[in-house]
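Residue-level structure breakdown
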Amino acid sequence: MYKSRNILAGLIIFIAMATFPFWSALGNDSVAPVLELDTPAINQLEEKQCVESRDFMRRRHMELLMEWKNAVAREGMRIYRASDGKTYDMSLQNTCLKCHSNKEEFCDRCHDYAGVKPVCWSCHLEAKGDE
Amino acid sequence: MGMGLSALLVIALVLLAFLGVQVAGLQFLFGVVIPYAAFFIFLAGVVYRIVKWAQSPVPFRIPTTCGQQKSLPWIKSNKIDNPASTAGVIARMALEVLFFRSLFRNVRAELKDGPKIVYTWEKWLWLAGLLFHWSMLLVIIRHLRFFADPIPSFVKVISSVDGFFEIGLQHIYVSGIILLLAVTYLFIRRVAIPQVRYISLLSDYFPLLVIFTLALTGILMRYFMRENVVAVKQLALGLATFNPTVPEGISVLFYIHLFLVSVLFAYFPFSKLVHMGGIFLSPTRNLPNDSRARRHINPWNYPVEVHSYEEYEDEFRQVMKAVGIPVEKE
Ligand code: HEM
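Residues numbered from 1 in each chain as written. Chains lettered and ligands numbered in written order. Predicted model: local features only at pLDDT ≥ 70, side-chain atom pairs only at ≥ 80, totals over all residues. Heavy atoms only, no water.

Considering the interface of chain B and chain A
Counting residues at the interface gives 47 residues for chain B and 33 residues for chain A. Where chain B meets chain A, there are two salt bridges. A salt bridge links B:Glu227 to A:Arg59, with the nearest nitrogen and oxygen atoms 3.9 Å apart. Counting across the interface, chain B meets chain A through nine residue pairs in polar contact (both at pLDDT 80 or more). Elements supplying a minimum of two residues to the side of chain B that touches chain A: helix 2 (27-54), strand 3 (166-167), helix 9 (202-225) and helix 10 (229-240) of chain B. No other element matches helix 2 of chain B, which puts nine residues into the side of chain B that touches chain A. Classifying every residue of the side of chain B that touches chain A gives 32 nonpolar, nine polar and six charged. (Contact = heavy atoms within 4.5 Å. Salt bridge = Lys/Arg side-chain N within 4 Å of Asp/Glu carboxyl O. Polar contact = N/O pair within 3.5 Å; in protein donor to acceptor, adjacent residues only side chain to side chain. Helix = DSSP H or I, 4+ residues; strand = E, 2+ residues; numbered from the N terminus. Nonpolar A, V, L, I, M, F, W, Y, C, P; charged D, E, K, R; others polar.)

What follows is the structure in structure tokens.
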């Protein structure tokens, strides 16, 4: 091999960068975030159910929020009829955060894990819906 | 021909992942075994290619002169385009790798008004190539959010800059969309320009189509079908910690995405894509042009027996004198 010092240095840099996920995870026994559902509002529910099904909420809650926002801000409608027929007031603070009043242990925990940072809280209050 | 075949290949790969996961339920194979195998082939293959290249001697400088060579002190030389020192070579290489400097010199040659050749401005290939590579890098760095917990701060910073724009309430990652557009342009360019199409082969179309499909499935997952990101991260972290798990609730679209990544990585060392490593070994870029200052000895030179004129004359002096041939030494 010619110029073996340079080649070796280059290969070591390449391997170090390519295996970053492996060595950065060394000694890491991270588990999926535990979502805390233990809030006063949820504890009062007979049936522990979100606005829509759990799978739908997991994947599409941002779409639902967007739909709500547009309905409220553009069309002035405030009542949402869920697919199971229940009705909800379309509001981030007064509906979502009333049940999920533990935003830090719920929304934030999940978002930190997934690396998303919604920018709602510069305008909407984080405070519990039923203050 | 190459185009049709590579399109068929990509469709077959997508179908394979779809059937394997949806019908046969081979989540573990497509989510764990194949990604590990592909990553191993990628690492070992790239190392093998580089070591193999490093075994060819490069005895002579191969200057591509885009500037004045260093010679006499009062002749101004171009230190980056015709470097004589290692620092100059590093600068030239960095500009090449980061900004595709030699591609920037690209022009289009056309015959105009009979046999007159005209060179015209052509920076689209450079622009699309640069956008393509940079956005691919950003996409890959941003994907590290799936592989590390807590997410490293450089990934967060890059994601928040990249996700500056929002549509509705959601952040849009510009690099993912630019990647899709740029790869589409690069593909259309190959098909639409007859000269380029003439020299295009399966090995040109195939990687473009794989990356196109990758970006497409990624964008579908993020903005339309909505992947269960938490479950995906569990799978990815499981791979990174050698503790593989296959969580419930991941859609088949993700397995198609992951399978195409695996195919791309496994194919990488055996294809043109190794230019990622090869660029650093290209002699016209990594050699200082110092032929006038240093003697470069060819390593495979064998000792040559020489018979110099002095020796010749010593041997035949008497005879030469006898027939009247002039000699240098009496
Ligand atoms: C060369 C490799 C890859 C390329 C070019 C690529 C490309 C993309 C693109 C363009 C997107 C759209 C969103 C964005 O811009 O970030 C995306 C999303 C995604 N990719 Fe990849 N990807 C690659 C590797 C991977 C790997 C190894 C995984 C496995 C964890 C993965 C999982 C995902 C997931 C889950 C999404 C959806 C993200 C979301 O919904 O927020 N990708 N990909």
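Overview of the coordination of the iron atom of the ligand
Residues and elements named next belong to chain B. Distances from the iron atom of the ligand to its protein donors, His-143 (NE2) and His-257 (NE2), fall at 2.0 to 2.1 Å. Classification of the site at the iron atom of the ligand rests on its six donor atoms, whose angles at the metal span 84 to 179 degrees, yielding the label octahedral. Residue His-143 is located in helix 5 (residues 124-143), and its partner His-257 is located in helix 11 (residues 252-267); the two are separated by 114 residues in the primary sequence. (Donors = N, O, S within 2.8 Å, 3.2 Å for Na, K, Ca; no water. Tetrahedral: all angles 85-135°; square planar, octahedral: opposite > 155°, others 65-115°.)

A word on the site of the ligand
All names here are of chain B. With respect to spatial proximity, 20 residues lie near the ligand, and among them Arg-142, His-143, Arg-145, Arg-222 and His-257 are the closest. In the model, an oxygen atom of the ligand is placed 2.8 Å from a nitrogen or oxygen of the Arg-145 side chain. The biggest single contributor to the shell around the ligand is helix 9, with six residues. (Near = heavy atom within 4 Å.)

Focus on the pattern of salt bridges
For the coordinates displayed, the defined rule picks out 20 salt bridges over all chains. The partner of B:Arg190 in a salt bridge is B:Asp204, with the nearest N and O atoms 3.7 Å apart. On the criterion of sequence distance, the pair formed by B:Arg190 in helix 7 (residues 174-192) and B:Asp204 in helix 9 is long-range, its members being 14 residues apart. Each member of the pair, B:Arg190 as well as B:Asp204, is classed as buried. One salt bridge connects B:Glu313 with B:Arg317, and the closest N-O pair in it is separated by 3.1 Å. With a gap of four residues between them, B:Glu313 and B:Arg317 both fall in helix 14 (residues 309-323), about one helical turn apart. Comparing B:Glu313 with B:Arg317, the two get one shared label, buried. Put simply, A:Glu47, A:Asp84 and A:Lys86 are held in one network by salt bridges that share partners. (Buried < 20%, exposed > 50% of the residue type's maximum accessible area, 1.4 Å probe, protein only.)

Re a nonpolar patch on the surface
All names here are of chain B. Together, Leu-5, Leu-8, Leu-9, Leu-201 and Leu-202 make up an exposed nonpolar region whose accessible area comes to about 430 Å². Considering every element that reaches the nonpolar patch, the biggest residue donor is helix 1 (residues 2-23), with three residues. Following the sequence through the fold, Leu-201 ends up in the loop between helix 8 (194-198) and helix 9. (Patch = residues over 30% accessible without salt bridge, like charges linked within 9 Å, V, L, I, M, F, W, Y side chains within 5 Å. Areas by Shrake-Rupley, 256 points an atom, 1.4 Å probe, with all protein chains shown as cover.)

Regarding the packing of helix 1 of chain B against helix 11 of chain B
All names here are of chain B. Where helix 1 meets helix 11, the closest approach of the two axes is 9 Å, and the angle between their N-to-C directions is 130 degrees. As summarised for this structure, helix 1 and helix 11 are arranged oblique, according to the angle between their axes. Our pair here, helix 1 against helix 11, has a crossing hand that is right-handed. Here Leu-13, Val-14, Leu-16, Ala-17, Phe-18, Val-21 and Gln-22 of helix 1 lie close against helix 11, whose contacting residues are Val-252, Tyr-255, Ile-256, Phe-259, Leu-260 and Val-263. Classifying every residue of the contact of helix 1 with helix 11 gives twelve nonpolar, one polar and no charged. (Axes fitted to C-alpha atoms, helices over the stretch in contact; angles between N-to-C directions. Parallel < 35°, antiparallel > 145°, perpendicular 65-115°, else oblique. Left-handed = near helix turned anticlockwise from the far one by under 90°.)

Note that every value here comes from positions in space, so none of it alone points to a role or purpose.
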